[in-house]
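Overview (structure and organization)
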Amino acid sequence: MRFYIEDVSAVENVFLGVDFDDGYVAWINGVEIYRANMPEGAPEWDTAPPNHESSNGISPDYEPLHDVSGAALQALHSGWNVFAAGVWNTSGTSSDLVLVPRLSINRPPEPGTDVSGMLETDTVWTVEGSPYRIVGDVTVPRSVTLTIEPGAEVRLAPGRRITIHGSIMALGSREQRIIIHGLTSDAAGTWDKIKIDHGGDGIIRESILRCVDLIGGEILLDVVGTGQSLILVENCNFDRWSDLAVQLTPTHGMGADKLVIRGCRFGMNTPVPECDCETMHGSGSAVTIEHCELGERIGYNDVIDLADSDWNDPEGVPVVRYLSLIHISEPTRPLYISYAVFCLK
């Protein structure tokens, strides 16, 4: 694609947004300015990227927009310029191939902060820096704490996740809730997950999610191998998930043994067609659930399904401890709960 620039010195920024399947590389005047879902090095005609679905929408979804000014400003010149993009498929038998790019010049700055990669030091996300756009997977390593202040907003790009190996302290309030949702849509399955993963290392560290609204992920919260670390989820709302609201995953023989879910609401604002999956599922873990409200499920989908789990107690203390004041809203369809023992106090 050719485009004309009268005076290149007037160009302050260049942004690129692409709806694509499966990987692409973009150039200006023969200089690479960006690539996505492609391996390093010069691409060959048969380079096979990992699978990546496009939006498959009626209109292209260009989010997230990438600031390519660093490379693009060096490549541009006054007069005619050429933008080129190549697209690669994950295999020769794939049924679809999509490339719909949009190049923007002198785009007004958007409020908020783009985040991706490893957080090397303790980090605080604030209202002033919101929304925090998760444009690439974010990892919080061991010994690092991510703090999210009341009223902050986090928006994850399609397929992206936040993985916590250290600690997360998302401390909203009833007046200023923290919102974690999709960058482009709040539909179920738009983003991947929030994952608290200690890797079964046995090191105790606390994480708290308080007054947080989680909306539109595949798995809204995945708790992996946290052992005796207290993971407190309190006064949170879970809505519009495509797989699970909460998943408990053991690793290296260690599950989530001190997970407390208190005063939370599950699926209360989820459209009925999106209620065709379980709410909570896991194994090898223990969980305390108190004063929660669980919306309806349709089909053979459990509200709480915890298998092969105990409190490492020789007398076999039940996996769900102190399940109190549970309200199943609008029970117009069958609800199924399996592998759980409820002890009401």
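Structure report, in brief. Everything quoted here is computed from the prediction, not taken from an experiment. (Residues numbered from 1 in each chain as written. Predicted model: local features only at pLDDT ≥ 70, side-chain atom pairs only at ≥ 80, totals over all residues. Heavy atoms only, no water.)

**Considerations on the sheet that holds strand β5 (residues 66-67)**
Threshold: The criterion for strand pairing is that DSSP finds at least two bridges linking the strands in question. Helix numbers and strand numbers start at the N terminus; a helix is a DSSP run of H or I with at least 4 residues, a strand a run of E with at least 2.
The strand order across the open sheet formed by three strands is β5-β2-β7, and the pairing between neighbours is antiparallel. Each edge of the sheet is formed by a strand with only one pairing partner; in this case those strands are β5 and β7 (98-105). Both strand β2 (residues 14-21) and β5 contribute to a ladder of two bridges, which runs antiparallel. Counterpart to L16 in the pairing with β5 is H66.

**Quick notes on the sheet that holds strand β6 (residues 79-88)**
Our working definition: Note on definitions: angles span 0 to 180 degrees between N-to-C directions of axes, and those axes are lines fitted to C-alpha atoms, for helices only across the stretch in contact.
On the basis of which strands lie adjacent, the open sheet formed by four strands has the order β1-β6-β3-β4 and antiparallel pairing. Lying at the two open borders of the sheet, with one neighbouring strand each, are β1 (2-5) and β4 (31-36). Mean inter-strand twist for the sheet, computed between neighbouring axes without regard to direction, equals 25 degrees. The pairing of strand β3 (residues 23-28) with β6 spans six bridges and is antiparallel. Within the sheet, the bridge partner assigned to W27 lies in β6 and is A84.

**Some remarks on the side chain of D21**
Rules: In this scheme, a residue with accessible area under 20% of its type's maximum is buried, one over 50% is exposed, and one in between is partly exposed, where area comes from a 1.4 Å probe on protein chains only. Neither His nor the chain ends contribute to the count of charged residues, in which Lys and Arg are positive and Asp and Glu negative. Note on definitions: salt bridges are taken to be side-chain nitrogens of Lys or Arg within 4 Å of carboxyl oxygens of Asp or Glu. The contact criterion used throughout is that any non-hydrogen atoms of two residues lie within 4.5 Å.
Mapping D21 onto the fold places it in strand β2. Despite its burial, D21 pairs with no opposite charge, the nearest such side chain being R160 at 14 Å. Discounting residues that sit within four places of it in the chain, D21 has contacts with H52, E53, S54, V87, W88, N89, D96, L97 and V98.

**Here's the deal with empty space enclosed by the protein**
Selection rule: Only protein atoms enter the 1 Å grid, on which a cavity is a set of points fitting a 1.4 Å probe that cannot get out and a pocket is an open set with protein on both sides within 12 Å along at least 5 of 7 lines, lining residues being those with an atom within 4 Å of a point. Grid points are joined across faces, edges and corners, and a volume is the space filled by probe spheres set on the points. Under this grouping Gly is polar, as are all residues other than the nonpolar Ala, Val, Leu, Ile, Met, Phe, Trp, Tyr, Cys and Pro and the charged Asp, Glu, Lys and Arg.
Going through the model one piece at a time under the given rule, you end up with one cavity of 30 Å³ or more. Roughly 60 Å³ of internal volume is contained in the largest cavity. Lining the largest cavity are W125, L146, I148, V154, I162, I168, A170, I180, I194 and L209. Secondary-structure elements contributing two or more residues to the lining of the largest cavity are β11 (145-148) and β14 (167-171). Taken together, the residues of the lining of the largest cavity sort by class into 10 nonpolar, no polar and no charged.

**Observations regarding the pattern of salt bridges**
Under the criterion given, the structure shown has 15 salt bridges. Its salt-bridge partner being D201, residue R142 comes within 2.7 Å of it at the nearest N-O pair. With R142 in the loop between β10 (132-140) and β11 and D201 in the loop between β16 (191-197) and β17 (207-210), the pair connects residues that are 59 residues apart, well separated along the chain. Among the residues examined, D201 registers a relative accessible area of 28% and is labelled partly exposed. Close ionic contact of R262 with E234 constitutes a salt bridge, the shortest N to O distance being 3.1 Å. In this pair, R262 sits in strand β23 (residues 259-262) while E234 sits in strand β20 (residues 231-234), placing the two residues 28 residues apart along the sequence. Residue classification places R262 among the partly exposed residues on the basis of a relative accessible area of 30%. One connected set of salt bridges, linked through shared partners, spans R210, E234, R262 and E290.

**Quick look at the nonpolar core**
Formally: Throughout this description, the term nonpolar core refers to a set of buried Ala, Val, Leu, Ile, Met, Phe, Trp, Tyr and Cys residues connected via side-chain atoms within 4.5 Å.
By size, the foremost hydrophobic cluster in this structure holds 50 residues, and its most contacted members are W125, I148, I162, F238, L259, I261 and F266. Examining the composition of this core, we find that four residues originate from one element, β10, more than from any other. Not counting residues up to four positions away in its chain, the partners in contact with I261 are V233, V246, F266, M280, V287, T288, I289, E290 and C292. In this structure, V11, L16, V18 and A72 belong to the second largest nonpolar core, which totals 17 residues.

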